[in-house]
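Spelled out from the first residue to the last, the chains are:
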Amino acid sequence: FSLFSVFMLFFILISRFTKNRKEAFLEKFRLKCEATLMNLMFDDEYVKPNSNYDDAVHVMYLESFHPDKRMVLMQSLLTLLNDLSGDFHRKVITIYHDMKMPEFAYIMLKSPQLADRINAVRELALFNVTESVPIINNLVSHPGPELRAEAQFALVKLIGVDGLAFVPNANYIITEWQQ
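Remember, it's a predicted structure, so these values are computed and weren't measured experimentally.

About the criteria used
- Residues numbered from 1 in each chain as written.
- Predicted model: local features only at pLDDT ≥ 70, side-chain atom pairs only at ≥ 80, totals over all residues.
- Heavy atoms only, no water.
- Helix = DSSP H or I, 4+ residues; strand = E, 2+ residues; numbered from the N terminus.
- Expected span 1.5 Å × (residues − 1).
- Buried < 20%, exposed > 50% of the residue type's maximum accessible area, 1.4 Å probe, protein only.
- Arc of directions from axis to C-beta.
- Polar contact = N/O pair within 3.5 Å; in protein donor to acceptor, adjacent residues only side chain to side chain.
- Axes fitted to C-alpha atoms, helices over the stretch in contact; angles between N-to-C directions.
- Parallel < 35°, antiparallel > 145°, perpendicular 65-115°, else oblique.
- Left-handed = near helix turned anticlockwise from the far one by under 90°.
- Contact = heavy atoms within 4.5 Å.
- Nonpolar A, V, L, I, M, F, W, Y, C, P; charged D, E, K, R; others polar.
- Patch = residues over 30% accessible without salt bridge, like charges linked within 9 Å, V, L, I, M, F, W, Y side chains within 5 Å.
- Areas by Shrake-Rupley, 256 points an atom, 1.4 Å probe, with all protein chains shown as cover.
- Salt bridge = Lys/Arg side-chain N within 4 Å of Asp/Glu carboxyl O.
- Phe/Tyr/Trp six-rings, centres within 6.5 Å; stacked < 30°, edge-to-face > 60°.
- Lys NZ or Arg CZ within 6 Å of the ring centre and 35° of its normal.

Undergrad: Now, about helix 2 (residues 51–63): what can you tell me, with residues and values included?
TA: For helix 2, with 13 residues, the first-to-last C-alpha span of 18 Å sits near the 18 Å given by 1.5 Å per residue. Residues of helix 2 that are buried include every one of Y53, A56, V57, M60, Y61 and E63, and no others. Buried residues of helix 2, viewed axially, fall in a sector of 165 degrees; they line one side. For helix 2, the N-terminal capping position is held by N50, with its side-chain oxygen 2.6 Å away from the main-chain nitrogen of N52.

This is the structure in structure tokens:
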């Protein structure tokens, strides 16, 4: 009995240590991310086109291959997108595109997890990835009502009233809320 207790205690300590290291790692990256984004947004040394801008964008792109880092980067970009307006709002969208973040959203669209696909569609719409319209258009008749609704909203956001072209061919109920 005591050997088992020692083993469990050891396992819990290792698990907690690993979790704390991961949290510290992501917090360090979050701070780096925010500093880099602030430089890209507001520092004259990072005005596009410029080698400082290109280098910072490339480093963030490479960092975003790590799924946890990509999540942190996307949270930072979404915060900026929601908090800023006008030219700064457009600049956040430009940075998103320059970091080649749509590539990752396209990968998420192929995920077996419905939540990943919904988040990818939402992301593509929020960051105005108009090149994604044909792909999103294929999802407006998806059997999953959540993904279907998100695709419909994304199309309207990306191309306006023309995004409602799916309505006459809809073979499912369009809820009153969606209307």
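After that view, the rundown keeps rolling.
Undergrad: So what about the packing of helix 3 (residues 67–83) against helix 4 (residues 86–98)? Which residues, and what values?
TA: In a pair of packed helices, the angle between the axes and the distance between the axes together describe the arrangement. Remark: helix 3 packs on helix 4, axes separated minimally by 9 Å, with the N-to-C direction vectors making an angle of 155 degrees. Judged by the inter-axis angle, helix 3 sits roughly antiparallel to helix 4. Helix-helix and strand crossings are classified by hand; for helix 3 and helix 4 the assignment is left-handed. Mapping the contact onto sequence places M74, L77, L80 and L81 in helix 3 and H89, V92, I93, I95 and Y96 in helix 4. For the contact of helix 3 with helix 4, a count of residues per class yields eight nonpolar, one polar and no charged.

Undergrad: Outline a nonpolar patch on the surface, supporting the account with residue identities and numerical values.
TA: Side chains of F4, F7, M8, F11 and I12 sit close together on the surface and give an oily, nonpolar patch of about 530 Å² of accessible area. Here I12 is to be found in helix 1 (residues 2–42). For I12, a relative accessible area of 44% translates into the label partly exposed.

Undergrad: Report on the packing of aromatic side chains, specifying residues and quantitative values.
TA: Under the definition given, this model contains five aromatic pairs. With 5.1 Å between their ring centres and 55 degrees between their planes, F42 and F88 make a pair best called tilted. On the criterion of sequence distance, the pair formed by F42 in helix 1 and F88 in helix 4 is long-range, its members being 46 residues apart. With a relative accessible area of 38%, F88 lands in the partly exposed category. The interplanar angle of 75 degrees and the centroid separation of 5.2 Å between the aromatic rings of F65 and F104 together place this pair among those described as edge-to-face. Placement of F65 in the loop between helix 2 and helix 3 and of F104 in helix 5 (residues 102–108) is noted, with a sequence separation of 39 residues between them. Between the NZ or CZ atom of K100 and the centre of the ring of Y61, over which it lies, the distance is 5.0 Å.

Undergrad: Kindly report on the environment of L126, identifying the contributing residues and their values.
TA: For L126, the position within the fold is in helix 6 (residues 114–126). For the pair L126 and N82, spaced 44 residues apart in the sequence, the C-alpha separation amounts to 9.7 Å. With residues up to four places along the chain from it excluded, the contact list for L126 reads L78, L81, I93 and K157.

Undergrad: I'd like a description of the side chain of E150, backed by residues and values.
TA: Within the element layout of this structure, E150 appears in helix 8 (residues 145–159). Residue E150 is classed as buried on the basis of its relative accessible area, which comes to 15%. For E150, the side chain forms a polar contact with the side chain of R122, separated by 2.9 Å. Setting aside chain neighbours within four positions, we find E150 in contact with I118, V121 and R122.

Undergrad: I'd like to hear about the packing of helix 1 against helix 2, residue by residue, with values.
TA: Running from N to C, helix 1 and helix 2 cross one another at 150 degrees; their axes reach a closest spacing of 10 Å. Between helix 1 and helix 2, the angle falls in the class roughly antiparallel. Considering the relative orientation of helix 1 and helix 2, their crossing is left-handed. Along its contact with helix 1, which presents F29, K32, C33, T36 and L40, the element helix 2 presents Y53, A56, V57, V59, M60 and E63. Split into classes, the residues belonging to the contact of helix 1 with helix 2 amount to eight nonpolar, one polar and two charged.

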